[in-house]
Amino acid sequence: EVVWHALARMNAGASFYIVGRDPAGIKSEGSDLYEPDDGKMVLNSAPGLEGIEILPFKQVGIDKTTGKMNFFDPSRPADFNFVSGTKMRQFARSNTDPPEGFMAPSGWKVLVEYYQSLK
């Protein structure tokens, strides 16, 4: 699926593709079906993608020591709070503020207004 997504974007004219962690989002028995970096690994070895630059997305979270978003540091995992896209949308739909440092208040207001308008 991640290869198909990259090819589709390349064929539509994209010159790069940002691959995140678990790009397909598939679960099996409640757990992620793929390891977090499997998409990046597959794309780097897939033929036919020479026309597109693969940009791996690093894992980010709220760094509790600074109160801001930061790249995850595996040497101090307890210092990070992660908010998935699913959780972010749930917060916005229910007009619940996300954890401090997740997003600028003005940006959060735009998301909340959008998700509230879908009701």
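In what follows, the structure referred to is the one given above.
Residues numbered from 1 in each chain as written. Predicted model: local features only at pLDDT ≥ 70, side-chain atom pairs only at ≥ 80, totals over all residues. Heavy atoms only, no water.

**Q** I'd like to hear about the environment of S94, residue by residue, with values.
**A** Relative to the helices and strands, S94 is located in the loop between α3 (85–93) and α4 (105–117). Sequence spacing of S94 and D32 is 62 residues, and the spatial spacing of their C-alpha atoms is 26 Å. (Helix = DSSP H or I, 4+ residues; strand = E, 2+ residues; numbered from the N terminus.)

**Q** Could you give an account of the pairing of strand β6 (residues 68–71), naming the residues involved and the relevant values?
**A** Across four bridges, strand β5 (residues 60–63) lies against β6 in antiparallel orientation. Across the sheet, the residue bridging to I62 is M69, located in β6. From the end of β5 to the start of β6, which pair antiparallel, there are four residues, and G67 there has a positive phi angle of about 75°. (Pairing = 2+ DSSP bridges.)

**Q** Describe the packing of α3 against α4, listing the residues and the values that go with them.
**A** Direction vectors running N to C along α3 and α4 enclose 75°, while the axes themselves pass 8 Å from each other. Judged on the interaxial angle alone, α4 and α3 are roughly perpendicular. For the pair formed by α3 and α4, the contact residues are M88, R89, F91, A92 and R93 on the first element and W108, L111, V112, Y115 and Q116 on the second. Residues of the contact of α3 with α4, tallied by class, amount to seven nonpolar, one polar and two charged. (Axes fitted to C-alpha atoms, helices over the stretch in contact; angles between N-to-C directions. Parallel < 35°, antiparallel > 145°, perpendicular 65-115°, else oblique. Contact = heavy atoms within 4.5 Å. Nonpolar A, V, L, I, M, F, W, Y, C, P; charged D, E, K, R; others polar.)

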